[in-house]
Amino acid sequence: MAATVPSTSTSSLPLPQAASTSASTIQTPPELEQTLALLSSHRSVLGYLLLSRGQPVSIIRHSGVVFEGEHGRKYATAVGKMVEGVQGALEEVSDDVNEGDEIRFMRIRTKRHEIMISPDKRYLLAVLHDPTT
């Protein structure tokens with residue numbers, strides 16, 4: 001059975017009011033490039049979003065038709081809000097602000113999909129996959 005590889009777009013799709021950024025001007029580490037290529041080739045992966053950590057978040061790169069156009073911008077906004085909300089909640093329950101917990105990885109499963117979010121100091125990587133495949 002042949003695995004389908006989602007199409008990868010290297011164009012930047014900024015959120016409304018964000019400055020457009022060409023993917024060629026954003027240098028991503030080779031390890032990240034290798035990870036993105038590996039993710040794109042996995043048959044259960046429906047797509048990924050590589051987002052900036054700024055406010056508002058903007059799409060640096062994406063793969064998969066589910067993240068095309070306005071739908072991708074909605075996902076990007078939702079991922080940014082989820083990370084911000086969970087980090088805020090962690091800071092609230094932390095006894096000492098200097099020893100506050102920090103998000104390393106988030107995994108959210110719905111009836112149809114699973115979204116995995118890996119925050120970094122510079123990027124947010126969100127991967128959507130079908131857990132039934």
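A. Focus on the nonpolar core. Formed by 15 residues in total, the largest nonpolar core has its most connected members in Leu49, Leu51, Val79 and Ile117. At the level of elements, strand 2 (45-52), helix 2 (69-93), strand 5 (114-119) and strand 6 (123-129) are the ones that each hand at least two residues to this core. Those residues within four positions of leucine 49 in sequence are excluded, and the remaining contacts are Ile59, Arg61, His62, Phe67, Gly72, Tyr75, Ala76, Leu124, Leu125 and Ala126. Leu32, Leu36, Val45 and Tyr48 belong to the second largest nonpolar core, which has 11 residues in total.

B. Seen up close, the environment of methionine 106. With respect to the element layout, methionine 106 can be found in strand 4 (residues 106-109). In this structure, methionine 106 is in contact with Met82, Val83, Val86, Ile115, Met116 and Ile117, ignoring residues within four places of it in sequence.

C. Up close: the pairing of strand 5. Counting buried positions over the six residues of strand 5 gives five, a clear majority of the element. The pairing of strand 4 with strand 5 spans four bridges and is classified as antiparallel. The partner of arginine 109 across the bridge, within strand 5, is glutamate 114. Turn length for the strand 4-strand 5 hairpin, with the two strands adjacent in sequence and antiparallel, is four residues. The hairpin turn running from strand 5 into strand 6, its antiparallel successor, is three residues long.

D. Representation of the side chain of glutamine 87 in the model. Following the sequence through the fold, glutamine 87 ends up in helix 2. Setting aside residues up to four positions removed in sequence, glutamine 87 forms contacts with Asp101, Glu102 and Ile103.

E. Up close: unusual backbone geometry. A cis amide bond links glutamine 55 to the next residue, proline 56, at an omega of -5 degrees. Topologically, proline 56 is positioned in the loop between strand 2 and strand 3 (59-63).

F. Fine view of helix 2. For helix 2, with 25 residues, the first-to-last C-alpha span of 37 Å sits near the 36 Å given by 1.5 Å per residue. The set of residues buried in helix 2 consists of Gly72, Arg73, Ala76, Val79, Gly80, Val83 and Gln87. Looking at the packing, one finds that the buried side of helix 2 touches strand 2, strand 3, strand 4, strand 5 and strand 6.

What counts and what doesn't
- Sequence positions are assigned chain by chain, starting from 1 and proceeding in written order.
- Where totals are concerned, whole chains, interfaces and linings use all residues; where local detail is concerned, this predicted model gives features only for residues with pLDDT of at least 70, and gives and counts side-chain atom pairs only at 80 or more.
- Derived side-chain values reflect all non-hydrogen atoms in the structure, with water molecules and hydrogen atoms excluded from consideration.
- In this text, buried Ala, Val, Leu, Ile, Met, Phe, Trp, Tyr and Cys residues form a nonpolar core when linked through side-chain atoms within 4.5 Å.
- Only protein chains enter the accessibility calculation, which uses a 1.4 Å probe; a residue is then buried when its area is under 20% of its type maximum, exposed when over 50%, and partly exposed in between.
- Where helices and strands are cited, they refer to DSSP runs of H or I of at least four residues and of E of at least two residues respectively, numbered from the N terminus.
- Here, two residues are considered to be in contact whenever any of their heavy atoms come within 4.5 Å of each other.
- A pair of strands is labelled paired if DSSP reports no fewer than 2 bridges between them.
- Here, expected helix span is obtained from the residue count minus one, scaled by 1.5 Å.

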